[in-house]
Amino acid sequence: MSEEKLYPVPAAIAANAHVNAEQYAAMYQRSLDDPAGFWAEQAETFVTWSKKWNTVLDYSYHADDLHIKWFDGGQLNVSYNCLDRHLATRGDQVAIIWEGDNPNEDRKLTYRELHAEVCRLANVLTTYGVNKGDRVCIYLPMIPEAAVAMLACTRIGAVHSIVFGGFSPDSLRDRVLDSECKLVITSDESVRGGRHVPLKKNADIALRECPNVSTMLVVRRTGGNVEWVEGRDVWYHEALDAAAPDCAPVEMDAEDPLFILYTSGSTGKPKGALHTTGGYLVYAAMTHKYVFDYQDGEVYWCTADVGWVTGHTYIIYGPLTNGATTLMFEGIPNYPDMSRFWDVIDKHQVSIFYTAPTAIRSLMRAGEEPVKKTSRQSLRVLGSVGEPINPEAWEWYYRVVGDERCPIVDTWWQTETGGHLITPLPGATALKPGSATRPFFGVVPELVDPSTGVPLQGEGEGALVICKPWPGQMRTVYGDHQRYIDTYFKQYPGYYFTGDGARRDADGYYWITGRIDDVLNVSGHRLGTAEIESALVLHPHVAEAAVVGYPHDLKGQGIYAYVTPMAGVEPTDELKKELVSLVRGEIGPIAIVDIIQWAPGLPKTRSGKIMRRILRKIAANEIDSLGDTSTLADPTVVDDLIANRAIQ
Ligand code: 6R9
């Protein structure tokens, strides 16, 4: 064993877990030795098919013939799997516990009630001309109607594209246009931490430039004032009241599109990650059961928003396919006070709790008292996702929140991967704080030398790639297959490139070190430096901008922008404020620039490429290790940047 602290699997957990250490080893080996047999079994176990597939896997990772097909020829319906097939045995079981922003507001929907509402909405969508394969944009807060909307789309074979409620009208517009949606579902307002956000107003602004959207369904969440566009806008509740209660699920091919979800990359605009039906659902259900060791009857809570992939897979599709009770939370961790998470756990007797390191770090700051005054006896398993969890936060989560009783599953995965790829299993994996530990079944990670692409043997650090497909893998970038190939399969031929760096220790444990491309991870949210730079240069007083991340205590990474003003422009604090609000307005409140440094010049190579490596070092105040600056067109610009750096 290596030098790091090791937490063995608690005996009480191992005894009843779906998978213990021996079973993990045997199943993992089998998944490599006989992938077709292994995955066929999983597909039969987790999903009900109306027609069996012909081939388990058909793929090529080669750029000139790139394709990935799982369970080709099979047919199924996602909403049938999440709802109908549970009705006979658990129709009256709670499917969704909704906990409002206001602690006095909650709601429970049984599988039967959820099924009924989904069928009605599916009929409404059909009435407004949505057919199989059409795209529907969902721009909703964390309310049960978001789950209903997703499932209603899947019932009729429409492809949903959820846009997080914290995105701006411009971001919403770009996504609606790129995925060519014809219908948008939103609400009058959203509520978070007692504050109302005018979602419909944002959608109204966005849709001014989206001529193909003919219908906007509006959920009444708060009763706040909204403007109404006659002929386009329809109240959700009125439409549902008028709709027929029965709706047969449409049979879908395993490789038919299920959803599009936009995510930031190193270059250009966010890309629409496309996930398909059969493989995704198998992978979502299987990882949900094994990684959280979900046991029948337990209440499971993932605090993500359905606007992110974590919400898709681990609030909705995984849990509902497994017939679980999933909790959906509208609010935030510190409202009305710092005990909110723990109060909700006690109130609803939550067994499994899955959140992000950024939330843990901010709650940690408030000390132990807000946690310790609650019971949390119902908790059995804790989870972490979104960014590397620093060992201090891990230890606090383990000791203070879990009372040293609950294993923490630190799950590494991405929008692109659909589900967990590297993660402990509660009953099988000894834990090391800060390590995502070992690969899930069927997943073959590899570390390659970032510059040569040569695989590393044994211990070492390099670029994290995956050697073969898994069923939850994204299939393409919507509308731009070439971008898919270029982004993920070009740099290291024969592999899927994750964009992350990682270290492998002597025990074969993986430690994710973070993004090695130009993607920032701010409070667990992905942002491309290119998106932020494009927003900054929209300002008439800005000549050029370069954005990098720097270490931030709470957010993991903060946003550091180097901005070159136009000649003759006075760089003032007023201008800084304008730039911060410009970026926020363009992208949304998740994009708050933390630091702006005025840069008379940016460090560029002779071919004009900005050397971000140097900018990252200066932002992090690591000026002793700038590396070679001799290839810069003008090495003196670096001296000015160092002298005026924000963190010294
Ligand atoms: C699920 C999700 C993906 C990026 C990923 C990585 C980082 C996520 C992590 C983690 C270390 C973990 N990331 N989970 N890093 N440990 N447990 O977050 O998807 O929003 O696409 O972000 O997040 O850098 O590449 P997404």
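Residues numbered from 1 in each chain as written. Predicted model: local features only at pLDDT ≥ 70, side-chain atom pairs only at ≥ 80, totals over all residues. Heavy atoms only, no water.

## So, the overall build of the protein chain
Here's step 1: A count of helices and strands for the protein chain gives 20 helices and 30 strands.
Here's step 2: The C-alpha atoms of the protein chain give 24 Å as radius of gyration, which agrees with the globular expectation for 648 residues (26 Å, within 12%).
Here's step 3: Its C-alpha atoms give the protein chain principal-axis dimensions of about 75 × 65 × 60 Å.
Here's step 4: Buried positions account for 61% of the 648 residues belonging to the protein chain.
Here's step 5: Expressed as a percentage of contacts within the protein chain between residues at least 6 apart in sequence, the contacts between residues at least 24 apart total 71%.
Here's step 6: Surface accessibility of the protein chain: about 23,800 Å² in total, with carbon and sulfur atoms responsible for 50%.
Here's step 7: Across the protein chain, 60 positive and 83 negative side-chain charges occur, with their mean positions spaced 1 Å apart. (Helix = DSSP H or I, 4+ residues; strand = E, 2+ residues; numbered from the N terminus. Rg over C-alpha atoms; globule rule 2.2 N^0.38 Å. Buried < 20%, exposed > 50% of the residue type's maximum accessible area, 1.4 Å probe, protein only. Contact = heavy atoms within 4.5 Å. Areas by Shrake-Rupley, 256 points an atom, 1.4 Å probe, with all protein chains shown as cover. Lys, Arg positive; Asp, Glu negative; His and termini not counted. Charge placed at Lys NZ, Arg CZ, Asp CG, Glu CD.)

## A few points about the UniProt feature "binding site: ATP" (unreviewed entry) in the protein chain
Here's step 1: With numbering matched to this structure, UniProt assigns "binding site: ATP" (unreviewed entry) to Gly386, Glu387, Pro388, Asp410, Thr411, Trp412, Trp413, Gln414, Thr415, Asp500, Arg515 and Arg526.
Here's step 2: As for its placement among the helices and strands, Gly386 is situated in the loop between strand 19 (381-384) and helix 15 (391-401).
Here's step 3: Among all residues touching Gly386, those that are not within four sequence positions of it are Asn521 and Gly524.
Here's step 4: Given the relative accessible area of 3%, Thr411 is considered buried.
Here's step 5: Apart from residues lying up to four places away in sequence, Thr411 is in contact with Val291, Tyr354, Ser384, Val385, His420, Ile422 and Thr423.
Here's step 6: Polar side-chain contacts of Thr411 include one of 2.9 Å to the backbone oxygen of Ser384. (UniProt positions renumbered as here; feature names shortened; annotations may be inferred. Polar contact = N/O pair within 3.5 Å; in protein donor to acceptor, adjacent residues only side chain to side chain.)

## Comments concerning unusual backbone geometry
Here's step 1: For the bond running from Tyr335 to Pro336, omega is -5 degrees, close enough to zero to count as cis.
Here's step 2: Positive phi, normally seen in glycine, also occurs at Asp403, with a value near 50 degrees.
Here's step 3: Residue position: Asp403 is located in the loop between helix 15 and strand 20 (408-410).
Here's step 4: Owing to a relative accessible area of 28%, Asp403 belongs among the partly exposed residues under this scheme.
Here's step 5: The backbone of Glu404 sits at a positive phi, close to 60 degrees, despite the residue not being glycine.
Here's step 6: Take Glu404: it is sitting in the loop between helix 15 and strand 20.
Here's step 7: Residue Glu404 is classed as exposed on the basis of its relative accessible area of 51%.

## A look at the sheet that holds strand 25 (residues 510-515)
Here's step 1: In spatial order, the strands read 21-22-24-25; together these four strands make up an open sheet with antiparallel pairing. This sheet does not close on itself; its edge strands, each paired only once, are strand 21 (445-448) and strand 25. Neighbour-to-neighbour, the strand axes of this sheet turn through a mean angle of 45 degrees, independent of strand direction.
Here's step 2: Inspection of the sheet shows strand 22 (residues 460-466) paired to strand 24 (residues 496-504) by six bridges, in the antiparallel sense. Bridging from a neighbouring strand, Ala463 pairs with Gly501 of strand 24. (Pairing = 2+ DSSP bridges. Axes fitted to C-alpha atoms, helices over the stretch in contact; angles between N-to-C directions.)

## Brief notes about the UniProt feature "domain: AMP-binding enzyme C-terminal" (unreviewed entry) in the protein chain
Here's step 1: Listed under "domain: AMP-binding enzyme C-terminal" (unreviewed entry) in the UniProt record, and renumbered for this structure, are residues 531-609.
Here's step 2: Measuring from the first to the last C-alpha atom of residues 531-609 gives 17 Å, for a span that is 27% helix and 32% strand.

## With respect to the site of the ligand
Here's step 1: Around the ligand, the structure places 17 residues, and the nearest of them are Asp410, Thr411, Thr415, Asp500 and Arg515.
Here's step 2: The backbone of Glu387 places a nitrogen or oxygen atom 3.4 Å from a nitrogen atom of the ligand.
Here's step 3: At 2.8 Å from a nitrogen atom of the ligand is found a main-chain nitrogen or oxygen belonging to Thr411.
Here's step 4: In the complex, the protein chains occlude 96% of the 530 Å² of accessible area that the ligand would expose alone. (Near = heavy atom within 4 Å.)

## Digging into the nonpolar core
Here's step 1: In terms of nonpolar packing, the biggest core is built from 118 residues, with Phe71, Leu114, Leu121, Leu125, Tyr317 and Phe441 touching the most fellow members.
Here's step 2: In terms of nonpolar packing, the next biggest core, distinct from the first, is built from 40 residues, Leu172, Val218, Val522 and Leu575 among them. (Core = buried A, V, L, I, M, F, W, Y, C linked by side-chain atoms within 4.5 Å.)

## Some thoughts on helix 7 (residues 169-178)
Here's step 1: When we look at burial in helix 7, the residues that qualify are Pro169, Ser171, Leu172, Arg173, Arg175 and Val176.
Here's step 2: Against the buried residues of helix 7 lie strand 6 (135-139), strand 8 (181-187), helix 8 (199-207), strand 14 (257-263) and helix 18 (573-587).
Here's step 3: Positive phi appears at Glu180, one or two residues downstream of helix 7, with a value of about 55 degrees.

## Examining the packing of aromatic side chains
Here's step 1: For the structure on display, the rule yields 46 aromatic pairs.
Here's step 2: Seen from their ring centres, Phe292 and Tyr314 are 5.8 Å apart, and the 75 degrees between their planes marks the pair as edge-to-face. Within this pair, whereas Phe292 is found in the loop between helix 10 (278-291) and strand 16 (299-302), its partner Tyr314 is found in helix 11 (residues 309-321), the two being separated by 22 residues in sequence.
Here's step 3: Owing to a relative accessible area of 0%, Tyr314 belongs among the buried residues under this scheme.
Here's step 4: Both rings, one in Trp301 and one in Phe341, keep their centres 5.3 Å apart while their planes meet at 85 degrees; by these two values the pair is edge-to-face. You can see Trp301 sitting in strand 16 and its partner Phe341 sitting in helix 12 (residues 340-348), a full 40 residues away along the chain. Residues Trp301 and Phe341 agree in their burial class; the two are buried. (Phe/Tyr/Trp six-rings, centres within 6.5 Å; stacked < 30°, edge-to-face > 60°.)

## Digging into the domain arrangement of the protein chain
Here's step 1: Split by domain assignment, the protein chain resolves into domain 1 (11-81 + 276-468 + 482-514) and domain 2 (523-644).
Here's step 2: Here the C-alpha centroids of domain 1 and domain 2 sit 33 Å apart.
Here's step 3: Between Arg526 and Glu416 there is a salt bridge, and its shortest N-O distance comes to 2.9 Å.
Here's step 4: Along the contact surface separating domain 1 from domain 2 lie four residue pairs in polar contact (both at pLDDT 80 or more).
Here's step 5: Grouping the amino acids of the side of domain 1 that touches domain 2 by side-chain chemistry returns one nonpolar, five polar and four charged. (Domains from an automatic or database assignment. Salt bridge = Lys/Arg side-chain N within 4 Å of Asp/Glu carboxyl O. Nonpolar A, V, L, I, M, F, W, Y, C, P; charged D, E, K, R; others polar.)

## Here's the deal with the packing of helix 3 (residues 35-46) against helix 10
Here's step 1: As a packed pair, helix 3 and helix 10 sit with axes 9 Å apart at the nearest point and diverge in direction by 85 degrees. Here helix 3 is positioned roughly perpendicular relative to helix 10, judged by the angle of their axes. On helix 10, the residues that touch Phe38, Trp39, Gln42, Ala43 and Phe46 of helix 3 are Val282, Tyr283, Ala285, Met286, Lys289 and Tyr290.
Here's step 2: For the contact of helix 3 with helix 10, the residue count by class is nine nonpolar, one polar and one charged. (Parallel < 35°, antiparallel > 145°, perpendicular 65-115°, else oblique.)

## Focus: the packing of helix 4 (residues 78-90) against helix 11
Here's step 1: At their nearest, the axes of helix 4 and helix 11 sit 8 Å apart, and the two run at 50 degrees to each other. Taken together, the axes of helix 4 and helix 11 lie oblique to each other. Note on packing geometry: the crossing formed by helix 4 with helix 11 is left-handed. Taken together, the residues of helix 11 that come into contact with helix 4 (itself represented by Val78, Asn81, Cys82, Arg85 and His86) are Tyr317, Leu320 and Thr321. (Left-handed = near helix turned anticlockwise from the far one by under 90°.)

## What about the environment of Met142?
Here's step 1: Its place among the elements puts Met142 in the loop between strand 6 and helix 6 (144-156).
Here's step 2: Residue classification places Met142 among the buried residues on the basis of a relative accessible area of 4%.
Here's step 3: Residues Met142 and Val306, 164 residues apart in the sequence, show an inter-C-alpha distance of 6.9 Å.
Here's step 4: Not counting chain neighbours up to four residues away, the residues in contact with Met142 comprise Trp98, Ala304, Asp305, Val306, Ile315, Met328, Phe329 and Glu330.

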